[in-house]
Amino acid sequence: MGLFSSPAKVYKPAAEVDLGPDSDEHYISPNVRAPRVAGILVKLLAWVLEMPVVGWIVLSVLKRDNLVYKLVSDAEIPEPPLFTSIHTWQEIAEQNVRLTKPDLSPAERVQEAVVCLPAHLPEPAAALADPAPAGFRRWTVRDFHRAYSAGQTTPVMVARRFLAAVKECSGPDLNMALFISCDADDVMRQAEDSTRRYQQGAPLSAMDGVLVAVKDELDCLPYPTTGGTRWLGAARRCEADAACVAQLRACGAVMAGKANMHELGAGTSGINPHHGSTRNPYCLARVSGGSSGGSAAAVCAGLCPVALGADGGGSVRMPAALCGVVGFKPTAGRLSNAGLLPLNWTVGMPGILAATVEDALIAYAAVVDQGKPGPLQPQLNLPLLTCTRSMPNIRLAKYAKWFDDSSEDIRSLCGKALQMLRAQYGWETVDVTVPEIEEMRLAHYVTMGSECTASLAKYLDNMSKSEVGWDVRIGLSAYRSFSSRDYLNAQRLRCRQMYFHDRIFETADAIVAPMTGVTAYPLQEDALGTGELDYINGAALVRYSIAGNFLGLPAITMPVGYDRGGLPVGLQFIGRPWSEATLLHLAYAMQEACAAREHRRKPKVHFDLLPREDYYP
């Protein structure tokens, strides 16, 4: 029993838990009472936690208040531990899909994906003249490809505009901190190569010449990989592209630079005291989200239609929702982790941020890992988005208590979104109970923290604490306090949750929930140099993201409207293992339904890299 701990929870066997809508399972909403900590208070708390005896006592009290002892560490759990979220092959009867051959190149897979897309794009000249006749419309991968192919512009011209936009974003007027590093010479060299291919009539794929930002958690030459720190790039040499980056290069994509991130992925705000705090393009006074905030904001601001992120606890999907773009995390193992910083071995993986669902599909086809033998994962299905409207009998599982544990605007908009799907597609929402949501969040936190400190131990043990941001120092102190019993019990809870979700997926195609409990909250000046510990907003941001990482399930979020302050709201679908095609269908249907109801709003900061005035003065 932990110090000062209340009586530990005794769990009944998972098979005895009622998952129906009338279940008597008790829903625990995070009871976060701690005040926001920033500025000098962050430094003070870091010093206290790093003191040998006093720090241990304070951490014990914090863990008691956050129910870690009661629900995880000292709990009695009948299930064995589950140490990995990798899923074995299983038969999935997905509707309206195109089965791809296992030996296709990344460029060939991109072509397969393009065939799956609705052919509703206007001709290049018309698109450039009026891309948004009924409201704001983002430039997509196909817009760039068709403009390049038609000779309306070139990758070199777009790259020049991109570099000018990055310079403007980084200047004192905007100070958006979207990129940690951007090598103009390297960007132009790639763009020149792509331009020559188009001039020769031989682009590698629809991605050729398309700019892609890469989160600074993935290796991408010629840049060091810093993980948002000041020191990791020098301590760990980057010798090759990450697998996802290499596959995009094989498609001709232009790697646009290393996008900013929350230091070591250890936060949800995107506030980075070393490289600047990424600002939300919809409101520069608000956070972008973390930890892939730079990638999400770059897509939102029009600097690229696609970006790579990494998702260990919602780090792709949360900033996507706050910035009003698409965030997609496939099944664990579907994308290769090669070249990804091993911050969280069993919960982290690359993910995709995109302007539209169609762009997410194209990027997914490019970076999917088909190198594993058949028994480890099924063959790749790509969704025929041309046939989404003909998909009958879709069932979406909704846990009402959890779904409604969000702000009034989010609850209302996400509820209306489900009503639109029911009205336009006839898809059914079924009520269920997802038990032990808060227990899963805490178990994930123990898992992620334990794996992070183990992964970084060889660096952290031999460096000055002053090299680490104050908020991250506090996090690392908490992570180091977890014991082997903490970790093992967290894996037992993981096993229970896998059982619960498998049962729910027997009767539903996906689980639906808001992506975040709040929209983008204000950036406070006192946090910019130290980071912050905003437990209340942090808990609200991660409320719906954990299952995707802890259980390795695929999940996707897309914008469904704006709160009363004009900030984006995201809705999330969580699927059974290997059901990426179904999730993309669902997200596309949602995107189309929202487009018919409400026009997209243009961010306060947005750059047209295919500007109309150049062609129609």
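Residues numbered from 1 in each chain as written. Predicted model: local features only at pLDDT ≥ 70, side-chain atom pairs only at ≥ 80, totals over all residues. Heavy atoms only, no water.

In the nomenclature of an unreviewed UniProt entry, the protein corresponds to Amidase domain-containing protein from the organism Urochloa decumbens.

Focus on the overall build of the protein
Assigned secondary structure in the protein consists of 21 helices and 17 strands. For 617 residues, the compact-globule estimate of 2.2 N^0.38 gives 25 Å, and the C-alpha radius of gyration of the protein, at 23 Å, lies within 12% of that figure. Seen through its C-alpha atoms, the protein measures out along the principal axes to roughly 70 × 55 × 50 Å. Classification of the 617 residues of the protein by burial places 63% in the buried group. For the protein, the computed accessible surface area is about 22100 Å², with 54% contributed by carbon and sulfur atoms. One finds the centroid of the 59 positive side-chain charges in the protein at a distance of 2 Å from the centroid of its 64 negative side-chain charges. (Helix = DSSP H or I, 4+ residues; strand = E, 2+ residues; numbered from the N terminus. Rg over C-alpha atoms; globule rule 2.2 N^0.38 Å. Buried < 20%, exposed > 50% of the residue type's maximum accessible area, 1.4 Å probe, protein only. Areas by Shrake-Rupley, 256 points an atom, 1.4 Å probe, with all protein chains shown as cover. Lys, Arg positive; Asp, Glu negative; His and termini not counted. Charge placed at Lys NZ, Arg CZ, Asp CG, Glu CD.)

Digging into the packing of aromatic side chains
Applying the stated criterion across every chain yields a total of 13 aromatic pairs. Consider the rings of Tyr 445 and Phe 482, whose centres lie 5.7 Å apart with planes at 90°: the pair is edge-to-face. Taken together, the positions of Tyr 445 in helix 16 (residues 437-460) and Phe 482 in the loop between helix 17 (470-480) and helix 18 (484-504) put the pair 37 residues apart, joining distant regions of the chain. Taken together, the ring pairs in this structure connect Phe 144, Tyr 148 and Tyr 198 into an aromatic cluster. (Phe/Tyr/Trp six-rings, centres within 6.5 Å; stacked < 30°, edge-to-face > 60°.)

Brief notes about the environment of Gly 449
Along the chain, Gly 449 turns up in helix 16. Residue Gly 449 is classed as buried on the basis of its relative accessible area of 0%. Residues Gly 449 and Leu 343 lie 106 residues apart in sequence; the distance between their C-alpha atoms is 9.1 Å.

As for the pairing of strand 5 (residues 254-259)
Burial of strand 5 is extensive: 6 of the 6 residues sit out of reach of the surface. Taken together, the 2 bridges between strand 3 (residues 179-181) and strand 5 define a ladder with antiparallel strand orientation. From the neighbouring strand, Phe 179 faces strand 5, where its bridge partner is Ala 259. (Pairing = 2+ DSSP bridges.)

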